[in-house]
Amino acid sequence: MDSCGFLRIMAEYHCPDAKTLQELKDIANKLRIHSIRATNAGKSGHPTSCCSMAEIMSVLFFHTMRYKVSEPRNASSDRFVLSKGHAAPILYAAWAEAGLFPIDDLLNLRKIDSDLEGHPTPRLNFVDVATGSLGQGLSCAAGMAYTGKYFDKASYRVYCVIGDGEAAEGSIWEALSFAGKYKLDNLVAIFDINRLGQSEPTAFQHEMELYQGRLESFGFNAYVIDGHDVEALCKAFHEASATKDKPTAVLAKTFKGKGIREIEDQENWHGKPLGDKADDAINAILKLVSNQGPPQLCPQKPLKEDAPVVDISNISLSEPPTYNIGDKVATRLAYGTALTKLGHNCDRVVAMDGDTKNSTFSDKFRKAFPDRYVECYIAEQNLVGMAIGCSTRGRTVPFVSTFAAFFTRAFDQLRMGAISQVNIKCAGSHAGISIGEDGPSQMALEDLAMFRSLPNATVFYPSEAVSAERACELAAQTQGICFIRTSRPATAVLYSNDEKFEIGKAKVVKNSDSDQVLVIGAGVTLHEALKAADQLAQQGINIRVMDLFTVKPIDKTGILKNAAECGGRIITVEDHYPEGGLGDAVSEVVSMERNIIQKRLAVRDIPRSGPPDVLLDMFGISAKCIEKAVKEISTM
């Protein structure tokens, strides 16, 4: 069967004329040549991985996609995600051929003063998300598609190219499940099935029917085509655009190094420039190019400018906190309350959860705004990746919640999100041993270390309801990744409803003129410190108690000032392992300061199930343990 009849014939589809098809073939070969030249100039890169997808890129960028070269991130334009980020040179080549920047700039690939990095990052105005840690692009694309279909209600479409090697990643299958569940008919997942991985052939090589069966089982229309046939690609993408209530998967059978003699479909050429073979390869490919001048096809398809104008600036609570001092309220409950207030004030605040909404209290938002709540189920990698996609181009401010411990499963997504300069807000509940009987598998004891390690992240650790609500408000107003650590136990409200909070500013909640030690806590340990302060006061020992509020950035000025007023003695107490948490953050502040000593109380062993109060005592972070530590450090 010829390629015009390769897929199901649709009456409204018209095969491109011979001139157009030849131009698409020519562009594909030009993209191959650019990729070979760029990687040779940079003396590194993945030209063979680029060559397998040249026709895919040609058809997408010069026939199918709608976008503006003058405004790559136009709100109404189609989105493109290169999940197989190591093929970055061909993405750069497509934009250069489209006229965004001079083709000669491609020779700056991977140079220190060029933004054409080894893998795509949003330093480039045509890249929405950083890719290269494989298996993540499809979740981001699904988030973009969900936003387009359900939040923007716009006509833009999302295309994601995935390598067959990375298809082994579980995050790909989480994203496929999500896309099928939510009928993302504006999403096209394009699998570049070139048979070869980095070190050996992929698990399923060219078993195309196997791929097709798997994709169909996830609710996709899955088309197997020759990925080097531009006509088949044109038809597949057209049929995808006409498909309703199902996402589309284009399973493109390709060959790694396509067009390069003696290298095509051969092992041991992954991630290697062609070196002295480059000139012969280029000359051979040039002979296949009919039009060696600029493309005759216009890459700018007409846009339907139907994405709404969005304002995500100055988001605030719709009303202030309404608590009484002394009320017992869990910070996780205050999070749900605050999130709902933010939703009332801004229709671009959206919430998503991993089937823990009745524990994180994001269900309060769902009840108020069911159309802006996304249930991602127990698939935390896709949960975070999807949120990253939702946040791109400033379309939404996603609040992502689950147990804080389960964010560790998505650390790579968070790491790549930081590189992507994304704007997402993560709320992790059930922090530390204070959750009690559920035991260590549910106890987040590494989460502060993880989020603190992310560049430019902001880490909130509210201790009671008022500060928890204000942390949510500040997070909504702060660009970048924010983490709000919430606790399971109900804790007493300490602040008046009009108390002002700032990022990087701690609060002193108990002090006197004769304080001997500065005790710094957050969450449940702040309340343990206050109990210890009352007990010690009865013994004639006064201590100062500080609520850190944000662990990153930390209040260096406040800590040093109050430590000096307490004789240079600091105790930190945290419901977290000692590595990377609150104590480490304070140690970094005082490490070069004279006449300051610090004692650190933290969970120093693997905990177990038990009543929260018993666990706090057993693992050395209770009020009794703080009392003992104060007496020890006071004599130093």
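Our subject is the structure listed above.
Residues numbered from 1 in each chain as written. Predicted model: local features only at pLDDT ≥ 70, side-chain atom pairs only at ≥ 80, totals over all residues. Heavy atoms only, no water.

How should I be thinking about a negative patch on the surface in this particular structure?
A cluster of acidic residues, E262, D276, D279 and D280, forms a negative patch at the surface. Relative to the elements of secondary structure, D279 occurs in helix α9 (residues 278-286). Under the relative-accessibility criterion, D279 is labelled exposed at 55%. (Patch = residues over 30% accessible without salt bridge, like charges linked within 9 Å, V, L, I, M, F, W, Y side chains within 5 Å. Areas by Shrake-Rupley, 256 points an atom, 1.4 Å probe, with all protein chains shown as cover. Salt bridge = Lys/Arg side-chain N within 4 Å of Asp/Glu carboxyl O. Lys, Arg positive; Asp, Glu negative; His and termini not counted. Charge placed at Lys NZ, Arg CZ, Asp CG, Glu CD. Helix = DSSP H or I, 4+ residues; strand = E, 2+ residues; numbered from the N terminus. Buried < 20%, exposed > 50% of the residue type's maximum accessible area, 1.4 Å probe, protein only.)

Help me out: how do you make sense of unusual backbone geometry in this one?
With glycine set apart, most residues show a phi of negative sign, and most peptide bonds adopt trans. With an omega of -5°, the peptide bond running from K552 to P553 counts as cis. With respect to the helices and strands, P553 occurs in the loop between β17 (549-552) and α18 (556-565). Of note in the backbone geometry, K153 takes a positive phi value of approximately 50° without being a glycine. Relative to the elements of secondary structure, K153 occurs in the loop between α5 (137-151) and β2 (158-163). Here K153 falls in the exposed class, since its relative accessible area comes to 61%.

Help me out: how do you make sense of the packing of helix α17 (residues 524-537) against helix α21 (residues 623-634) in this one?
Packed helix pairs are characterised by how far apart their axes lie and by the angle those axes make with each other. It is at 8 Å that the axes of α17 and α21 come closest, and there the two elements cross at 60°. In this view, α17 runs oblique relative to α21, as classed from their interaxial angle. The hand of the α17/α21 crossing is right-handed. Only A623, I626, E627, V630 and K631 of α21 make contact with α17, whose side of the interface consists of T525, E528, A529, K531, A532, Q535 and L536. (Axes fitted to C-alpha atoms, helices over the stretch in contact; angles between N-to-C directions. Parallel < 35°, antiparallel > 145°, perpendicular 65-115°, else oblique. Left-handed = near helix turned anticlockwise from the far one by under 90°. Contact = heavy atoms within 4.5 Å.)

Please explain the pairing of β2 as it appears in this structure.
Consecutive side chains of a regular strand alternate in pointing toward one face of the sheet and then the other. β2 sits mainly inside the fold: 6 of its 6 residues count as buried. Alternating residues of β2 divide into V158, C160 and I162 and Y159, V161 and G163, and every residue in both groups is buried. When strand β1 (residues 79-82) meets β2, the two strands line up parallel, connected through 4 bridges. In the strand pairing of β2, V81 is matched with C160. As for the winding sense of the linkage, the β-α-β connection from β2 through helix α6 (residues 170-181) to strand β3 (residues 187-193) is right-handed. (Pairing = 2+ DSSP bridges. Right-handed = clockwise from strand over helix to strand, strands pointing away.)

Help me understand the layout of surface pockets, please; the structure alone is not making it clear to me.
Rolled over the atoms, a probe with the dimensions of a water molecule shows which regions are left empty. Of the volumes computed, that of the largest pocket is approximately 280 Å³. Along its surface, the largest pocket is lined by 16 residues, and A490, T491, H527, E528 and K531 are the ones closest to its centre. When contributions to the lining of the largest pocket are tallied by element, the ones reaching two or more residues are β13 (490-492), α17 and α20 (612-618). Examining the composition of the lining of the largest pocket, we find that 6 residues originate from one element, α17, more than from any other. (1 Å grid on protein atoms, 1.4 Å probe; cavity = no way out; pocket = protein on both sides within 12 Å on 5 of 7 lines; lining within 4 Å. Points joined across faces, edges and corners; volume = space filled by probe spheres on them.)

Where do I start with the sheet that holds strand β9 (residues 397-403) in this structure?
The strands that make up a sheet pair up through hydrogen bonds in the backbone, lying either parallel or antiparallel. The strand order across the open sheet formed by 7 strands is β8-β7-β9-β10-β12-β11-β17, and the pairing between neighbours is mixed. On the outer flanks of this sheet lie β8 (373-375) and β17, each paired with one strand and no other. If you compare each strand with its neighbour and ignore which way they point, the axes differ by 20° on average. One ladder, built from 4 bridges, connects strand β10 (residues 425-429) with strand β12 (residues 482-485); its direction is parallel. Bridge pairing in β12 links G428 to R485.

Looking at this structure, how should I read the packing of α6 against helix α13 (residues 380-391)?
Look at α6 against α13: their axes get within 8 Å of each other, and the N-to-C directions meet at 70°. It follows that α6 is roughly perpendicular to α13 by the angle criterion. You can see that α6 and α13 cross each other, and the crossing is right-handed. Together, S171, E174, A175 and F178 of α6 and E380, Q381, N382 and M386 of α13 make up the contact between the two elements. Considered class by class, the residues forming the contact of α6 with α13 number 3 nonpolar, 3 polar and 2 charged. (Nonpolar A, V, L, I, M, F, W, Y, C, P; charged D, E, K, R; others polar.)

Can you walk me through the nonpolar core in this structure?
In summary, soluble globular proteins display a tendency toward joint burial of nonpolar side chains. Core analysis: the largest hydrophobic core is formed by 84 residues, its most contacted members being F191, M352, F451 and I559. For this core, the leading source of residues is α5, giving 8 residues. If you look at the next biggest cluster of nonpolar residues, it comprises 53 residues, including L60, I90, F237 and A252. (Core = buried A, V, L, I, M, F, W, Y, C linked by side-chain atoms within 4.5 Å.)

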